[in-house]
Amino acid sequence: MSPLEISHWLNADVPPELLALVPVWRGLCFPGPQSAVVWAATDWHQWVFAAGEPVSTLRLLTRTVTFGGQPVTVGGIAGVMTPPAYQGRGYASASLRAATDFVRDRLGLPFAMLGCYPHMAPFYVRLGWTPLPGDAIFAQPGGLTGQRFTWNDVILILPLADQPWPEGDLLDFNGLPW
Ligand SMILES: CC(C)(COP(=O)(O)OP(=O)(O)OC[C@H]1O[C@@H](n2cnc3c(N)ncnc32)[C@H](O)[C@@H]1OP(=O)(O)O)[C@@H](O)C(=O)NCCC(=O)NCCS
């Protein structure tokens, strides 16, 4: 694998040529009907470059969720994408490791959290993530607040500090999901 460079930008500072890639990559990585869910705005973009070319990306946000009635502040990870031409070379794995370092070291948070399709969960488990038990609820504009997270998604966490995850079986996103 060529040496990778990994950079972070606040949303407002993302170079326009990278921003323009997002809808293109989204079409390549998530073809087919789009979910009707309204997603949370994220705070940060992370981009992975191999030999100067962008090859993988994800976004990050900070959120205080509730699990088992306990508030926990997490670094949320969204929009993990490596376009087909670059897949299978370890770029997303490297990207996720860098993102969780960022959550721990730059954001100073004890957990990273993401949601994924069930078929993708083993990929994250291999990288050390743990699926949460139980259900998840989230807010939506227009009256869906409090409805259950209904698309059979899996939520995973990665502990990054010496803090136990609370006991429980219900995650509340306390806002829009990511
Ligand atoms: C998932 C994705 C980010 C992986 O990117 P990548 O740079 O190829 O990842 P890596 O090279 O680090 O790891 C590849 C691993 O991804 C996993 N993977 C990729 N696509 C998968 C799929 N459709 N089903 C199950 N596992 C898959 C496999 O474990 C694969 O391992 P293998 O190469 O040994 O088969 C990329 O395939 C992608 O963008 N897919 C479409 C969008 C998506 O599903 N994003 C994740 C949302 S939760």
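Residues numbered from 1 in each chain as written. Predicted model: local features only at pLDDT ≥ 70, side-chain atom pairs only at ≥ 80, totals over all residues.

Enquirer: Which residues make up the overall build of the chain, and what values go with them?
Expert: Tallying secondary structure elements over the chain gives four helices and nine strands in all. Reading the chain from its N terminus to its C terminus gives the helix and strand order β-α-α-β-β-β-α-β-α-β-β-β-β. The globule rule puts the C-alpha radius of gyration for 178 residues at 16 Å, and the 16 Å found for the chain is close to it. Seen along its three principal axes, the alpha-carbon backbone of the chain occupies a region of about 45 × 40 × 30 Å. Within the chain, buried positions represent 25% of all 178 residues. Residue pairs in contact within the chain that sit at least 24 positions apart in sequence constitute 73% of those at least 6 positions apart. (Helix = DSSP H or I, 4+ residues; strand = E, 2+ residues; numbered from the N terminus. Rg over C-alpha atoms; globule rule 2.2 N^0.38 Å. Buried ≥ 20, exposed ≤ 12 C-beta atoms within 10 Å, placed from the backbone. Contact = placed C-beta atoms within 7 Å.)

Enquirer: Kindly report on the site of the ligand, identifying the contributing residues and their values.
Expert: Neighbouring the ligand are 18 residues, the closest being Thr82, Gln87, Ala92, Ser93 and Cys116. Of all elements in the fold, only strand S4 (70-81) and helix H3 (91-105) reach the threshold of two or more residues within the shell around the ligand. For the shell around the ligand, the element with the most residues is H3, which contributes three residues. Taken together, the residues of the shell around the ligand break down into ten nonpolar, seven polar and one charged. (Near = placed C-beta within 6 Å. Nonpolar A, V, L, I, M, F, W, Y, C, P; charged D, E, K, R; others polar.)

Enquirer: Lay out H3 with the relevant residues and their values.
Expert: Taking 1.5 Å of rise per residue, 15 residues should cover 21 Å, and H3 covers 21 Å from first to last C-alpha, within 8% of that figure. Of all the positions in H3, only Tyr91, Ala92, Ser95, Leu96, Ala99, Thr100 and Val103 are classed as buried. Looking straight down H3, one finds its buried side chains confined to an arc of 160 degrees; they lie on one side. Looking at the buried positions of H3, the neighbouring elements they touch are strand S1 (4-10), strand S2 (44-50), strand S3 (53-67), S4, strand S5 (111-116) and strand S8 (154-159). (Expected span 1.5 Å × (residues − 1). Arc of directions from axis to C-beta.)

Enquirer: Can you explain the nonpolar core? Please cite residues and give values.
Expert: Judged by nonpolar contacts, the single largest core of 32 residues is most densely connected at Ile77, Ala99, Phe111, Ala112, Met113 and Ile157. Contributing elements (two or more residues each) for this core: S2, S3, S4, H3, S5 and S8. The dominant element in this core, judged by the number of residues it contributes, is S3, at six residues. (Core = buried A, V, L, I, M, F, W, Y, C linked by C-beta atoms within 7 Å.)

Enquirer: A description of the pairing of S8 should follow, citing residues and the corresponding values.
Expert: Along any regular strand, the residues point their side chains to alternate faces of the sheet. Relative to S8, S5 is paired through six bridges, and the arrangement is antiparallel. Counted as the bridge partner of Gly115 is Ile155 from S8. Pairing between strand S6 (residues 130-131) and S8: two bridges, direction antiparallel. If you follow Pro131 over to S8, its bridge partner there is Leu156. (Pairing = 2+ DSSP bridges.)

Enquirer: Could you give me a rundown of the environment of Tyr86, with the residues and numbers involved?
Expert: By secondary structure assignment, the location of Tyr86 is in the loop between S4 and H3. Residue classification places Tyr86 among the partly exposed residues on the basis of 16 C-beta atoms within 10 Å. In this structure the C-alpha to C-alpha distance between Tyr86 and Pro71, which are 15 residues apart in sequence, comes to 38 Å. Once residues within four sequence positions are removed from consideration, Tyr86 is found in contact with Val55, Ser56 and Tyr91.

Enquirer: Provide a residue-level description of unusual backbone geometry, including the pertinent values.
Expert: Even without being glycine, Ala51 reaches a positive phi, approximately 50 degrees. Inspection of the secondary structure assignment puts Ala51 in the loop between S2 and S3.

Enquirer: Run through the environment of Thr82, naming residues and quoting values.
Expert: Counting through the fold element by element, Thr82 comes out in the loop between S4 and H3. The buried category is assigned to Thr82, around which 22 C-beta atoms lie within 10 Å. In contact with Thr82, not counting residues within four places along its chain, are Val55, Ser56, Gln87, Tyr91 and Ala92.

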